[in-house]
Structures are given as C-alpha cells and as structure tokens.
Amino acid sequence: MNFELIEVNEKDKNIIYNLMQLYTYELSFFEDETTNFQLLENGLFKLSKYIDLYWKEKERNPFILKCNGELAGFVLQRYNEMEMNEIAEFFVLNKYRK
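All of these numbers come straight from a predicted model, not from anything done at the bench.

## Topic: the overall build of the protein
- Looking only at helices and strands, one finds 1 helix and 4 strands in the protein.
- In the protein, the order of α-helices and β-strands from amino to carboxyl end is β-α-β-β-β.
- A compact globule built from 98 residues should have a C-alpha radius of gyration of about 13 Å, and the protein, at 14 Å, falls within 12% of that.
- With respect to the principal axes defined by its C-alpha atoms, the protein has extents near 35 × 35 × 25 Å.
- Per-residue burial over the protein gives 31% buried out of 98 residues.
- By sequence separation, contacts in the protein at least 24 residues apart represent 50% of the contacts at least 6 residues apart.
- Summed over its atoms, the accessible surface of the protein is roughly 7,000 Å², and 51% of this surface lies on carbon and sulfur atoms.

Here it is in structure tokens:
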C-alpha cells in the first residue's frame, strides 16, 4: 500500500469536515462524563470550534491521507503552546487499518 499526506486547501476543507463526522461517530463509543458528542437535529455531530483554525492559523496544518490514490483518512497537525509539533487528530478508515 502506498500512503501519502496531502495538505488541504481551504476550498477543500469539506473533505475534512465530512471525515470528521465518521471520526466523531467512532469516538462517541467512548463517551463518558468528560466528553459530549452532541448529535444535532440535522443528524450531524457538532464539530470542535478549533477545526476552522486549521485554515486560519499558520501553526496548524490539515492533511488528508490517501492510500493508492483513494481517500483513506486525515491528520490535523499543530504546534502546541510549547512550540512542539504534535498530531491533534488522526483518523484512518477501517479498511486501511492494519
């Protein structure tokens, strides 16, 4: 399998938004008193207020993950308060997990 990371431009941010719905659904299995995965009336999960910042702040970088040219997931990378590079969110579709 050939994986590649591709930075997402603002015009294509809907790809990340759509994949975030799958990601949030999977995380909702682990909901407890410290988390709240709110399902809105339109049937979509409420997304983090930080998602839009990936196209506004230079310290944040959104990527899609492709496997053999097909969409396989996403990575949200940022530099934290201590200026350390970190993966803030990471999601891979089930069919590409090993």
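## What to know about the environment of Leu40
- Note that Leu40 resides in the loop between helix H1 (13-27) and strand E2 (60-67).
- Non-local contacts of Leu40, meaning those with residues more than four positions away in its chain, are made with Phe45 and Lys46.

## Structural notes on the sheet that holds strand E1 (residues 3-7)
- Strand order across the open sheet formed by 4 strands is E1-E2-E3-E4, with antiparallel pairing between neighbours. Two strands lie at the open edges of the sheet, namely E1 and strand E4 (85-92), each paired on one side alone. Adjacent strand axes in the sheet meet at a mean angle of 25° when their direction is disregarded.
- Where E2 meets strand E3 (residues 70-79), 8 bridges bridge the pair, whose relative direction is antiparallel. Along E3, the bridge assignment pairs Leu65 with Gly73.
- Packed on one face of the sheet, H1 meets E2, E3 and E4 and runs near 90° to E3.

## As for a nonpolar patch on the surface
- The grouping of Tyr25, Leu27, Phe29 and Phe30 at the surface amounts to a nonpolar patch, some 480 Å² of accessible area in total.
- Mapping Leu27 onto the fold places it in helix H1.

## Topic: the pairing of E2
- Within E2, 7 of the 8 residues are buried, leaving the element largely enclosed by the surrounding structure.
- In the sheet, E1 pairs with E2 via 5 bridges, with the strands oriented antiparallel. Considered in E2, the bridge of Glu7 is made with Phe63.
- The turn joining E2 and E3, which pair antiparallel and follow one another in sequence, is formed by 2 residues; a positive phi near 50° is taken by Asn68.

## Notes on the environment of Glu83
- Within the secondary structure, Glu83 is located in the loop between E3 and E4.
- Linking Glu83 and Glu59, residues 24 residues apart in sequence, is a C-alpha distance of 8.8 Å.

Reading guide: rules and limits
Residues numbered from 1 in each chain as written. Predicted model: local features only at pLDDT ≥ 70, side-chain atom pairs only at ≥ 80, totals over all residues. Heavy atoms only, no water. Helix = DSSP H or I, 4+ residues; strand = E, 2+ residues; numbered from the N terminus. Rg over C-alpha atoms; globule rule 2.2 N^0.38 Å. Buried < 20%, exposed > 50% of the residue type's maximum accessible area, 1.4 Å probe, protein only. Contact = heavy atoms within 4.5 Å. Areas by Shrake-Rupley, 256 points an atom, 1.4 Å probe, with all protein chains shown as cover. Pairing = 2+ DSSP bridges. Axes fitted to C-alpha atoms, helices over the stretch in contact; angles between N-to-C directions. Patch = residues over 30% accessible without salt bridge, like charges linked within 9 Å, V, L, I, M, F, W, Y side chains within 5 Å. Salt bridge = Lys/Arg side-chain N within 4 Å of Asp/Glu carboxyl O.

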